[in-house]
Amino acid sequence: MRGLDYRWIEALDAVISQRGFERAAESLCITQSAVSQRIKQLEKLMAQPMLVREQPPRPTPAGQKLLGLYRRVRLLEQELLPALATDADDQPMSVAIATNADSLATWLLPALSPLLKSRRIELNLLVEDEARTLDKLRSGEVVGALSMESRPLPGCVAEYLGRVDYLCVASPAFVSQYFSAGVTRASLLSAPGVTFDPHDDMHEQFVHQHFNLPPGSVMKHTVRSSEAFVRLALEGIAFCLIPRVQIQHELAQGLLVNVTPEIMLSRRMYWHHWALESGVLSELTQQLTQYARHILPQ
């Protein structure tokens, strides 16, 4: 765009990341007045507000789009400039990925391990419910996101990774206490379950779809940790929906029991990333997709 000065967007990015004009000015080594002036110039050029001036400040939808552009440019610079500079000091490249907790607890880190060992990368993992990870890619906060959504965002690609099969499991002691007569509508009303966060509706959908229990009718703990789901089940505190790949050992040893063997909940997972990738980002996509397709059933 003619007249666009990336210093203006840099000021906007600093205000958002530093949560205020004063700290933004300190991070950029300029005055607070200069920060305000740069953002005003940006707003004048775009003919609309870029920033909601509240505490903390937040970008407008238009401002968020420009921030996404700016962060992509910064990432491309990180990848391109060291290859061109003769005095490159081998600065690490910052790579942010949005992931759901289950993928992080099972296959994601082994998938990225070869790249992290061979390249100087600072990895930043943003953990969200798999239904909301795309928001991070849409805002430009990450270079890729694991999601259940099959449709790619504009300018992005969605690559199918495989299927995640969730089993409804509990400890033998829990089964004896709550499900001695089987998993029924009546027994589920007294048996505690687990959900990841207020946005996670997997547990509610499961009991509603298969046992006709309305949302909000069952007791459930809220725990933002995939590993804690397994621990809660092992301790006999709750029954849980857990990926099969995460509890193969516990099932084989009889530490956990599949309490609804005739019912399985499956989710199809996709890797969303920018359409134009090269270098490290291209390697990341290749390693992640190949590993996931080897681990996850297709």
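Please refer to the structure placed before this passage.
The notes below deal with the structure included here. (Residues numbered from 1 in each chain as written. Predicted model: local features only at pLDDT ≥ 70, side-chain atom pairs only at ≥ 80, totals over all residues. Heavy atoms only, no water.)

Time to look at the packing of aromatic side chains. Each pair of aromatic rings is reported with the distance of its centres and the angle of its planes. Across all of its chains, the model carries six aromatic pairs by this definition. Centroid distance Tyr 160 to Tyr 270: 5.4 Å. Interplanar angle 55 degrees. Geometry classified as tilted. Of the two residues, Tyr 160 sits in strand β6 (residues 156-170) while Tyr 270 sits in strand β11 (residues 265-274), which places them 110 residues apart along the sequence. Judged by relative accessible area, which is 18%, Tyr 160 ranks as buried. Geometrically, the ring pair formed by Phe 174 and Phe 239 is tilted, given 6.3 Å between the ring centres and 45 degrees between the ring planes. Of this pair, Phe 174 sits in helix α8 (residues 172-178) while Phe 239 sits in the loop between α11 (226-234) and β9 (240-243), placing them 65 residues apart in sequence. The residues Phe 174 and Phe 239 share a single accessibility class, namely buried. Clustering of aromatic rings is evident, with ring pairs tying together Phe 174, Tyr 178, Phe 179 and Phe 239. In this arrangement the basic side chain of Arg 268 is found over the ring face of Tyr 160, its NZ or CZ atom lying 4.2 Å from the centre. (Phe/Tyr/Trp six-rings, centres within 6.5 Å; stacked < 30°, edge-to-face > 60°. Helix = DSSP H or I, 4+ residues; strand = E, 2+ residues; numbered from the N terminus. Buried < 20%, exposed > 50% of the residue type's maximum accessible area, 1.4 Å probe, protein only. Lys NZ or Arg CZ within 6 Å of the ring centre and 35° of its normal.)

So, about the environment of Ser 118. With respect to the helices and strands, Ser 118 occurs in helix α6 (residues 108-118). Among the residues examined, Ser 118 registers a relative accessible area of 52% and is labelled exposed. Put simply, Ser 118 and Val 157 are 39 residues apart on the chain and 25 Å apart in space, counted from C-alpha to C-alpha. Within the local environment of Ser 118, its side chain forms a polar contact with the backbone oxygen of Pro 114, the two atoms lying 3.0 Å apart. (Polar contact = N/O pair within 3.5 Å; in protein donor to acceptor, adjacent residues only side chain to side chain.)

What follows concerns empty space enclosed by the protein. Inspection of the entire model under this criterion finds two cavities of 30 Å³ or more. There is about 170 Å³ of room inside the largest cavity. For the largest cavity, the lining is made up of 16 residues, of which Asp 102, Phe 196, Asp 200, Met 202 and Phe 229 are closest to its centre. Elements represented by at least two residues in the lining of the largest cavity include exactly α5 (101-106), β7 (193-195), α10 (202-211) and α11. For the lining of the largest cavity, a count of residues per class yields seven nonpolar, four polar and five charged. Together, Asn 100, Asp 102, Ser 103, Thr 106, Trp 107, Val 164, Tyr 166, Pro 243, Val 245, Met 269 and Leu 296 line the second largest cavity. Elements that contribute at least two residues to the lining of the second largest cavity include exactly α5 and β6. (1 Å grid on protein atoms, 1.4 Å probe; cavity = no way out; pocket = protein on both sides within 12 Å on 5 of 7 lines; lining within 4 Å. Points joined across faces, edges and corners; volume = space filled by probe spheres on them. Nonpolar A, V, L, I, M, F, W, Y, C, P; charged D, E, K, R; others polar.)

Examined against the element boundaries, Gln 205 turns out to sit in helix α10. Measuring from C-alpha to C-alpha, the distance between Gln 205 and Pro 59 comes to 34 Å, with 146 residues separating the pair along the chain.

What follows is about the side chain of Thr 60. Mapped onto the fold, Thr 60 is located in the loop between β2 (58-59) and α4 (61-84). With residues up to four places along the chain from it excluded, the contact list for Thr 60 reads Pro 49, Met 50, Leu 51 and Val 52. (Contact = heavy atoms within 4.5 Å.)

With that settled, the discussion passes to the side chain of Asp 102. Take Asp 102: it is sitting in helix α5. Although Asp 102 is buried, it makes no salt bridge; Arg 267 carries the closest opposite charge, 7.9 Å away. Only 2.7 Å separates the side chain of Asp 102 from the side chain of Ser 226, close enough to count as a polar contact. With residues up to four places along the chain from it excluded, the contact list for Asp 102 reads Tyr 166, Ser 226, Pro 243 and Gln 246. (Lys, Arg positive; Asp, Glu negative; His and termini not counted. Salt bridge = Lys/Arg side-chain N within 4 Å of Asp/Glu carboxyl O.)

That's the geometry; what it means functionally is another story.
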